[in-house]
Amino acid sequence: MEFTYYMPVRVIFGKGVVTKSAAEFKRLGSRALVVTGRNSADVNGSMADTAKALEECGISYKRYGEIKPNPDVENVRDAAARARSIGADFIIGIGGGSPLDAAKAVAILAANDIDDETLFSGTYTSRPLPVAAIPTTAGTGSEVTPYSILTRRSIRNKKSIGSPLIFPVMALIDPAYTYTLGINSTINTAIDALSHAVESCLSVRSTPAIKPAAYESMRLIAGTFNTLRRHELPSSSERESLMYASMLAGTCIAQAGTTVVHAIGYPLTYYRNVDHGRANGLVMHGFLKFLERRSTGVQELLEIMGMGSTDEFGTAMNDLLGARETLSEDEIKLFTDTVLTSKNVANTLPQPSRQDIEEIIRFSFPG
Ligand code: NAP
Ligand code: ZN
């Protein structure tokens, strides 16, 4: 056995952890920029809890509350200008994956005056500012990953920054913040976390050390499917399971990365505005069928999820996601071309050819 495992994030999990973490924030400096989306952090209580903790330990802070879903480079540059103008020592990201990913890019840009090429390179002259991550969705696991995924208009796609320098230094995870998520966001984010757990096992970089977390994550998420397939909101204990499972799956992609599923999802989001988790869910059945034909251990993963076959998995996705989007012939060609430029394709085991990718897309979006 031979592997590397690196997970430097201090994870503090449980109800009320943010208000109890004043001393943790204090270790990061005396001036913070809090990066959030436009609205949800005020509704789910995460912003108020953070403000209380910061005030309690005398940290001065400003808020940048303009992060859009699937943030673009311009959005994070604007936030980084705010971080510089207040002389922030550290960044706090609160929200779904979008504000958390934005916080990491802001941390890079606040410390480095660099062009876009260098931003995406993962190598920086000055160390990015420390980031504290407070997730309010149970999906991306961004609170424990070294990735920041941004919309990059110059290449008409989403692109990932990957660098161990942008692991958050701490993740404060309170499942209660997800209580305000509606059913569609709950389903989409749960499927995103499931795709992370599944893809991390089917990646070139997968290692034995991530499997226990990936399997537990799959088991917990599939355990909420009876509720979610009825389109009922999860109970508080199911919310807790989903938040925990999402964090576990995040630790898995932190090691192994994602695969062609995410690579196909990015143009769906860029061109058709399909939600990130939904996009993965639409593609996963076709991906598992592609792997099944090459007998790559899919059966074991299905069993963990309590499913007998890839088609049973597909039925579950259909129940969760409802009617599928349709794609034109031009879109199928454009998306296939775009997917081939993504590094997640080479991370897939076995690596799909152009024809395989087109087949997965056609299977996922039957005319
Ligand atoms: P999101 O884009 O962060 O948020 C989607 C919507 O949900 C926003 O309108 C947001 O509102 C709202 N929202 C967030 N928390 C809420 C809550 N507790 N209650 C009610 N509404 C809430 O969604 P996401 O799926 O979590 O993140 C997707 C992004 O993460 C994508 O850009 C994806 O590429 C990225 N991602 C990153 C990683 C990684 O490792 N870094 C992994 C997977 C995905 P506000 O805008 O008002 O906050
Ligand atoms: Zn994802």
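What counts as what
Residues numbered from 1 in each chain as written. Chains lettered and ligands numbered in written order. Predicted model: local features only at pLDDT ≥ 70, side-chain atom pairs only at ≥ 80, totals over all residues. Heavy atoms only, no water. Helix = DSSP H or I, 4+ residues; strand = E, 2+ residues; numbered from the N terminus. Rg over C-alpha atoms; globule rule 2.2 N^0.38 Å. Buried < 20%, exposed > 50% of the residue type's maximum accessible area, 1.4 Å probe, protein only. Areas by Shrake-Rupley, 256 points an atom, 1.4 Å probe, with all protein chains shown as cover. Domains from an automatic or database assignment. Buried area = accessible area lost by both parts, 1.4 Å probe. Salt bridge = Lys/Arg side-chain N within 4 Å of Asp/Glu carboxyl O. Polar contact = N/O pair within 3.5 Å; in protein donor to acceptor, adjacent residues only side chain to side chain. Nonpolar A, V, L, I, M, F, W, Y, C, P; charged D, E, K, R; others polar. Near = heavy atom within 4 Å.

Visitor: Before we go on, may I ask you to explain the overall build of the protein in this structure?
Guide: Each helix and strand in the protein was counted, giving 17 helices and eight strands. Expected size for 367 residues packed as a compact globule is a radius of gyration near 21 Å; at 19 Å, the protein falls within 12% of this value. Overall, the protein is about 60 × 45 × 45 Å in size when its C-alpha atoms are taken along their principal axes. Within the protein, the proportion of its 367 residues that are buried is 59%. On the protein, roughly 14,300 Å² of surface is accessible, and the fraction owed to carbon and sulfur atoms is 50%.

Visitor: How should I be thinking about the domain arrangement of the protein in this particular structure?
Guide: Where interface size is quoted, it is often the accessible area lost as the parts come together. What the domain assignment lists for the protein is domain 1 (10–178) and domain 2 (183–364). Each of domain 1 and domain 2 was reduced to a C-alpha centroid, and the two centroids are 25 Å apart. Across the domain 1/domain 2 interface, buried area totals approximately 2,200 Å², and carbon plus sulfur atoms make up 63% of it. Three residues, A138, R156 and N157, lead the burial of domain 1 against domain 2; their summed loss comes to 23% of the area buried on that side. Where domain 1 meets domain 2, there are zero salt bridges. Our enumeration of links across domain 1 and domain 2 arrives at six residue pairs in polar contact (both at pLDDT 80 or more). Looking at the side of domain 1 that touches domain 2, its residues break down into eleven nonpolar, eleven polar and five charged.

Visitor: What's the story with the site of ligand 1 in this structure? I'm lost.
Guide: Taken together, the neighbourhood of ligand 1 is formed by 29 residues, with S40, S98, D101, T137 and T180 sitting nearest. Here T137 contributes a side-chain N or O atom positioned 2.7 Å from an oxygen atom of ligand 1. Coverage of ligand 1 by the protein amounts to 87% of the 940 Å² it exposes when considered alone. The set of elements that each furnish at least two residues to the shell around ligand 1 consists of α5 (97–111), β6 (147–152) and α7 (183–201). If one sorts the elements of the shell around ligand 1 by residue count, α5 sits on top with five residues. For the shell around ligand 1, the per-class residue count stands at seven nonpolar, 17 polar and five charged. In terms of domain composition, the shell around ligand 1 takes at least three residues from each of domain 1 (10–178) and domain 2 (183–364).

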